[in-house]
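Coordinate analysis (summary)
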Amino acid sequence: METVEQLVSFHHIQVQLSGGAPWGFTLKGGLEHGEPLIITKIEDGGKAAVCEKLKVGDELININGSTLYGSRQEALILIKGSYRILKLTVRR
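As a starting point, this report considers the structure included with it. (Residues numbered from 1 in each chain as written. Predicted model: local features only at pLDDT ≥ 70, side-chain atom pairs only at ≥ 80, totals over all residues. Heavy atoms only, no water.)

1. Describing the nonpolar core
Counting residues in hydrophobic clusters, the biggest one holds 19 residues, and the most contacted among them are F25, L54, L60, I63, I79, L86 and L88. Those elements that provide at least two residues to this core are β1 (12–18), β2 (25–30), β3 (35–42), β4 (59–63), α2 (72–80) and β6 (85–91). Other than its neighbours up to four places away in sequence, L88 contacts I13, Q14, V15, F25, L54, L60, N62 and I63. (Core = buried A, V, L, I, M, F, W, Y, C linked by side-chain atoms within 4.5 Å. Buried < 20%, exposed > 50% of the residue type's maximum accessible area, 1.4 Å probe, protein only. Helix = DSSP H or I, 4+ residues; strand = E, 2+ residues; numbered from the N terminus. Contact = heavy atoms within 4.5 Å.)

2. Digging into the side chain of T89
Here T89 shows up in strand β6. For T89, a relative accessible area of 10% corresponds to the buried category. Excluding its chain neighbours within four sequence positions, the residues that come into contact with T89 are H12, I13, Q14, E59, L60, I61 and N62.

3. What about the pattern of salt bridges?
By the definition in use, this model includes 2 salt bridges. With its nearest N and O atoms 2.7 Å apart, the salt bridge here joins D58 to R92. Residue D58 is found in the loop between α1 (47–51) and β4, and its partner R92 is found in the segment after β6; the two are separated by 34 residues along the sequence. Of the residues examined, D58 reaches a relative accessible area of 1% and is grouped as buried. The class of R92 is partly exposed, set by a relative accessible area of 36%. A salt bridge links R91 to E59; the shortest N-O distance between them is 3.3 Å. In this pair, R91 sits in strand β6 while E59 sits in strand β4, placing the two residues 32 residues apart along the sequence. (Salt bridge = Lys/Arg side-chain N within 4 Å of Asp/Glu carboxyl O.)

4. Structural notes on unusual backbone geometry
Here the amide bond leading from A21 into P22 is cis, since omega sits at 0°, within 30 degrees of zero. Summarising the element assignment, P22 is placed in the loop between β1 and β2. The backbone of N64 sits at a positive phi, close to 50°, despite the residue not being glycine. Relative to the assigned elements, N64 resides in the loop between β4 and β5 (66–67). Given a relative accessible area of 35%, N64 falls into the partly exposed group.

Below you can see the structure in the form of structure tokens.
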């Protein structure tokens with residue numbers, strides 16, 4: 001009997017939001033909760049919705065060129081520290 005193994009392919013998507021906060025998305029999870037950092041909501045009409053690249057369920061892995069180690073607090077500090085442009089890399 002043969003075993004069929006399914007390979008899961010992840011895509012890394014680069015997203016750039018501009019104009020300053022609020023950025024228009026909600027983040028949950030993190031090492032504190034034993035979960036990956038996941039985008040859980042995109043605000044209608046917000047900067048994240050207008051760019052049309054960010055999706056609910058995307059995993060946040062990089063902010064402004066800084067690789068994330070999984071802490072939600074770390075991610076929030078980097079997001080809040082973004083003045084005019086927020087560059088994100090997500091895994092989908």
